[in-house]
Amino acid sequence: MYSDKVMDHFTNPRNVGDMADADGIGEVGNPTCGDAMRIYIKVRDDRITDAKFKTFGCGAAIAVSSMVTEMVKGKTLDEGLAISKEAVASALDGLPAQKMHCSNLGADALKKAIDDYKSRQNKQDPQ
Ligand code: FES
């Protein structure tokens, strides 16, 4: 049912944990299944240099979080915003149809983290 990549990222998730000095934090939850995901990013010169996550959720949501944080490292903010749920699912060699909503959480949490970073910048540097 799950690809080897999903199982790998579920059993050995990358980038788990808090980030005390995060530049942006994105938090999302799925009211239907009750799962929740938080993604932290570190940004330098418009580029995401580090990402971490904390997820309370199903195996697919854990694998998605792990993959999103891997995919986004080294990307510009715009490239990060362009990461879609389909891109995350295909990087995991696909997700079962009933688990596609789990990849929404990853893409949405990442977008929120980038938005959070941008709004913090605007507050510091109003133009
Ligand atoms: Fe809810 Fe996977 S079942 S995120």
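Draft legend 1. Broad picture of the nonpolar core. By size, the foremost hydrophobic cluster in this structure holds 33 residues, and its most contacted members are Met-37, Ile-39, Ile-41, Val-88 and Leu-110. Put simply, the parts of the chain that give this core at least two residues each are β2 (36–44), β3 (47–56), α2 (59–72), α4 (85–91) and α5 (100–124). A total of nine residues in this core trace back to one element, the largest contributor, which is α2.

Draft legend 2. Main features of a negative patch on the surface. A cluster of like negative charges, contributed by Asp-45, Asp-46, Asp-78 and Glu-79, occupies part of the molecular surface. Secondary-structure assignment places Asp-78 in helix α3 (residues 77–81). By relative accessible area, which is 56% here, Asp-78 ends up exposed.

Draft legend 3. Seen up close, the pairing of strand β1 (residues 24–29). Of the two faces of β1, the one lined by Gly-24, Gly-26 and Val-28 is fully buried and the one lined by Ile-25, Glu-27 and Gly-29 carries no buried residue. Direction of pairing for β1 relative to β2: antiparallel, over a ladder of six bridges. Within the sheet, the bridge partner assigned to Gly-24 lies in β2 and is Ile-41. Linking β1 to β2, which pair antiparallel, is a turn of six residues; within it Gly-34 sits at a positive phi near 85 degrees.

Draft legend 4. Spotlight on α5. With 25 residues, α5 extends 37 Å between its outermost C-alpha atoms, agreeing within 8% with the 36 Å of an ideal straight helix rising 1.5 Å per residue. Inspection of α5 places Cys-102, Ser-103, Leu-105, Gly-106, Ala-107, Ala-109, Leu-110, Ala-113, Ile-114 and Tyr-117 among the buried residues, and these make up the whole buried set. Its buried side turned inward, α5 meets β1, β2, β3, α2, α3 and α4.

Criteria and cut-off values
- Residues numbered from 1 in each chain as written.
- Predicted model: local features only at pLDDT ≥ 70, side-chain atom pairs only at ≥ 80, totals over all residues.
- Heavy atoms only, no water.
- Core = buried A, V, L, I, M, F, W, Y, C linked by side-chain atoms within 4.5 Å.
- Buried < 20%, exposed > 50% of the residue type's maximum accessible area, 1.4 Å probe, protein only.
- Helix = DSSP H or I, 4+ residues; strand = E, 2+ residues; numbered from the N terminus.
- Patch = residues over 30% accessible without salt bridge, like charges linked within 9 Å, V, L, I, M, F, W, Y side chains within 5 Å.
- Areas by Shrake-Rupley, 256 points an atom, 1.4 Å probe, with all protein chains shown as cover.
- Salt bridge = Lys/Arg side-chain N within 4 Å of Asp/Glu carboxyl O.
- Lys, Arg positive; Asp, Glu negative; His and termini not counted.
- Charge placed at Lys NZ, Arg CZ, Asp CG, Glu CD.
- Pairing = 2+ DSSP bridges.
- Expected span 1.5 Å × (residues − 1).
- Contact = heavy atoms within 4.5 Å.

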